[in-house]
Amino acid sequence: MLYRFSQVRTVKLRKDGMDKPTNLVEFETMLLSRYTLHPRYRRDGAHLDRSAYLLLSRLAIDGPMSIGQLSEAFGLDTSTLNRQTAALLRSGYVERIPDPDGGMARKFRITAAGSESLDAERTANIEGLGRVMTDWSSDDIARFAAYLQRFNTDIERLDGRPWPRP
């Protein structure tokens, strides 16, 4: 028995379950996490580590946030975020400021250097994705982006931590 997943791929039923669409999604997302944002797909040598990229992206969208707010947003303990934000402070990518709303906790705000680094990283990532998807049609890329957004928002819904989108 054959199961057609798309016009491109037909998979023979297998005993290991890899003929089931959800099993294939699990396998492909495992591989995607291995490849995503990998420096070898980029032309420049520099890159932000994953935690810096995520934290800077969140601060760029939401504005200044405290350790407690970051902990809630990312579902990480404060000691992990203290280490990550300390590295960003040392690099000059964020600064600590008084709470603009008058609260007691100090907040982290992205600096001009942090914004420049984030923009450069995002541009390099987009260029790398362009090289990967060079033979894809615009419609295929748009459908893939829509499916990724749907997948991510469903995870966020279950997790209770929606990621703000620009």
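Enquirer: Now, about the overall build of the chain: what can you tell me, with residues and values included?
Expert: Counting secondary structure elements, the chain contains six helices and four strands. In the chain, the succession of helices and strands from N to C terminus is β-β-α-α-α-α-β-β-α-α. A sequence separation of at least 24 residues applies to 43% of the contacts in the chain between residues at least 6 apart. Within the structure as shown, the chain displays about 11600 Å² of accessible surface, and the carbon and sulfur contribution to it stands at 55%.

Enquirer: Would you mind going over the confidence of the model for the chain in detail, with residue names and values included?
Expert: With 83% of its residues at a pLDDT of 70 or more, the chain has an overall mean of 85. The model gives residues 1-7 a pLDDT under 50, and that stretch makes 17 contacts with residues more than four places away or in other chains.

Enquirer: Can you tell me about the side chain of Glu121, naming the residues and giving the values?
Expert: Within the secondary structure, Glu121 sits in helix H5 (residues 112-132). Looking at Glu121, its side chain comes within polar contact range of the main-chain nitrogen of Leu48, at 3.0 Å.

Conventions used here
- Residues numbered from 1 in each chain as written.
- Predicted model: local features only at pLDDT ≥ 70, side-chain atom pairs only at ≥ 80, totals over all residues.
- Heavy atoms only, no water.
- Helix = DSSP H or I, 4+ residues; strand = E, 2+ residues; numbered from the N terminus.
- Contact = heavy atoms within 4.5 Å.
- Areas by Shrake-Rupley, 256 points an atom, 1.4 Å probe, with all protein chains shown as cover.
- pLDDT = per-residue confidence, 0-100.
- Polar contact = N/O pair within 3.5 Å; in protein donor to acceptor, adjacent residues only side chain to side chain.

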